[in-house]
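Residues per chain, in single letters:
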Amino acid sequence: MRKLIFFFLLCAVFILCSCAQQVNTPTTVSQPIQLTLAVKKDYTTTVEDIVSKFEEENENIQIKLLQLPSSSDDIHRILVTDLSSGQNEFDLFEIQDIWIAEFASSGYIRDLSEEITIHLDEYLEIIKDGISYNDKLYAVPFGLDLGMMFYNKNLTGGEHSDWESLLRNTKIFNNGQIKLFVIQGRDGEDMICNLMELVKYKNNDIEQGLVLYKQLIDESKSVWNTENDYTTAFKSGNAAYMRSWISTRPFLSDDLSKVKNALGIKPILNNMNEPVSILKRYGLAISTKSKYFKEAVKFLEFCIREDNQQRQVKENNLFPMLKKFYSDEMIIDYCPYIAGMLNSVEKMQTRRKIENYMELSAEAQKSVKAYLAGEINVKEAVKVLQPLMP
């Protein structure tokens, strides 16, 4: 009998211990997956807002947003260093059209052709080429930037919209610190974009485009080494005209700007009234090293939703990629410069999409700087520039 009582007591103790252990065992909570997204510096909160909205709708996915420098050359260097070294810091990143061929051929980015459904017929015709390589999709559309002529309505009515008109009038206009125009001088790939526009302005004559570029640099005393130098000069009210990217508009419209309420924007035209601007097409790509491909695809699908594309156009002041936005009165109200621009944008030039573009660009930058400094003649510079021209 005693043995039986002891047995029951032992069982009771065992059961109590088991229950206590179950009560004290913490419940395992699944942690959200974190994706790292790298984009160029955003002067607005547009990308942050898109990320926040995505996280609200997808509680199991978090986005770590990294804003890289605004310089195209610096961003390319950072991405290539990460992707080629195996550091694998980025799951997703913003990519320019001129890097697509290099990154795809090097195996840095995932082929998205079978992963994402995107109705490219609804986009501008130039968009598909900017995010594809060998007929495969390697990114989704994220932004469209292009060179425009900005002018200060307090100083001019915008009548001088072509470069030769500006050159003819610069000595008449320039008065002390205030200049008729400023133009990017020596700031990497964007300098090459300026030059490509001037070559197009001169009917695709590289030599004449180079000579005109030097004249513009010399007349405006534009020796700017960074983007902020010349844009700050215009923003401070010290120039009547400035060639820059449309994405500069938010920077020129903040509370510190002296041109905030006097900002005019026009397309850059030649003397036959044809657009000569260079287009920059941006996409979002997924690293082949990302461990969270499915979740990354989900973010890309979110970004190409119509509401988020509207946000990019209205808040980041980029040109629309969807054709129907060019007739959307609400978007035109936010961005009046896009009115009637649909056909013109389709005709604007793009940079070459080749695997060694950035290598050729680096050599071209050295040659252009040497020419501007009088170290080589124009024909020597033309030889280096030739393979890079559209």
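These numbers come from a predicted model, not from an experiment.

About the cut-offs
Residues numbered from 1 in each chain as written. Predicted model: local features only at pLDDT ≥ 70, side-chain atom pairs only at ≥ 80, totals over all residues. Heavy atoms only, no water. Helix = DSSP H or I, 4+ residues; strand = E, 2+ residues; numbered from the N terminus. Buried < 20%, exposed > 50% of the residue type's maximum accessible area, 1.4 Å probe, protein only. Lys, Arg positive; Asp, Glu negative; His and termini not counted. Salt bridge = Lys/Arg side-chain N within 4 Å of Asp/Glu carboxyl O. Contact = heavy atoms within 4.5 Å. Axes fitted to C-alpha atoms, helices over the stretch in contact; angles between N-to-C directions. Parallel < 35°, antiparallel > 145°, perpendicular 65-115°, else oblique. Left-handed = near helix turned anticlockwise from the far one by under 90°. Nonpolar A, V, L, I, M, F, W, Y, C, P; charged D, E, K, R; others polar.

1. Description of the side chain of glutamate 295
Part 1 of the reasoning: Within the element layout of this structure, glutamate 295 appears in helix H11 (residues 293-303).
Part 2 of the reasoning: Here glutamate 295 sits buried without a salt bridge, and the closest side chain of opposite charge, lysine 294, lies 4.5 Å off (N-O distance).
Part 3 of the reasoning: Beyond its immediate chain neighbours, meaning those up to four positions away, glutamate 295 contacts Ile33, Leu35 and Ile61.

2. A word on unusual backbone geometry
Part 1 of the reasoning: Of note, the phi angle at asparagine 273 is positive, near 65 degrees, even though the residue is not glycine.
Part 2 of the reasoning: Tracing the chain through its elements places asparagine 273 in the loop between strand S9 (263-267) and strand S10 (278-286).
Part 3 of the reasoning: Unusually for a residue other than glycine, asparagine 317 sits at a positive phi of about 60 degrees.
Part 4 of the reasoning: On the secondary structure map, asparagine 317 appears in the loop between helix H12 (306-316) and helix H13 (329-334).

3. Quick look at the pattern of salt bridges
Part 1 of the reasoning: Enumeration over the complete set of coordinates arrives at 18 salt bridges.
Part 2 of the reasoning: Between glutamate 57 and arginine 305 there is a salt bridge; the shortest N-O distance is 3.0 Å. Residue glutamate 57 is located in helix H2 (residues 46-57), and its partner arginine 305 is located in the loop between H11 and H12; the two are separated by 248 residues in the primary sequence.
Part 3 of the reasoning: Linking aspartate 190 and lysine 280 is a salt bridge whose minimum nitrogen-to-oxygen distance equals 2.7 Å. Note that aspartate 190 is positioned in helix H7 (residues 189-201) and lysine 280 in strand S10, a separation of 90 residues in sequence.
Part 4 of the reasoning: Classification of lysine 280 by relative accessible area gives buried; the value is 5%.
Part 5 of the reasoning: The network of salt bridges with common partners includes Asp97, Asp129, Glu189, Arg281, Arg351 and Lys353.

4. Focus on the packing of H2 against H12
Part 1 of the reasoning: Orientation of H2 relative to H12, taken along the N-to-C sense of each, is 155 degrees, at an axis distance of 10 Å. Considering the angle they form, H2 stands roughly antiparallel to H12. Crossing hand, H2 versus H12: right-handed. Contacts between H2 and H12 involve Thr46, Asp49 and Ile50 from the former and Asn308, Arg311, Gln312, Glu315 and Asn316 from the latter.
Part 2 of the reasoning: When grouped by side-chain class, the residues that make up the contact of H2 with H12 number one nonpolar, four polar and three charged.

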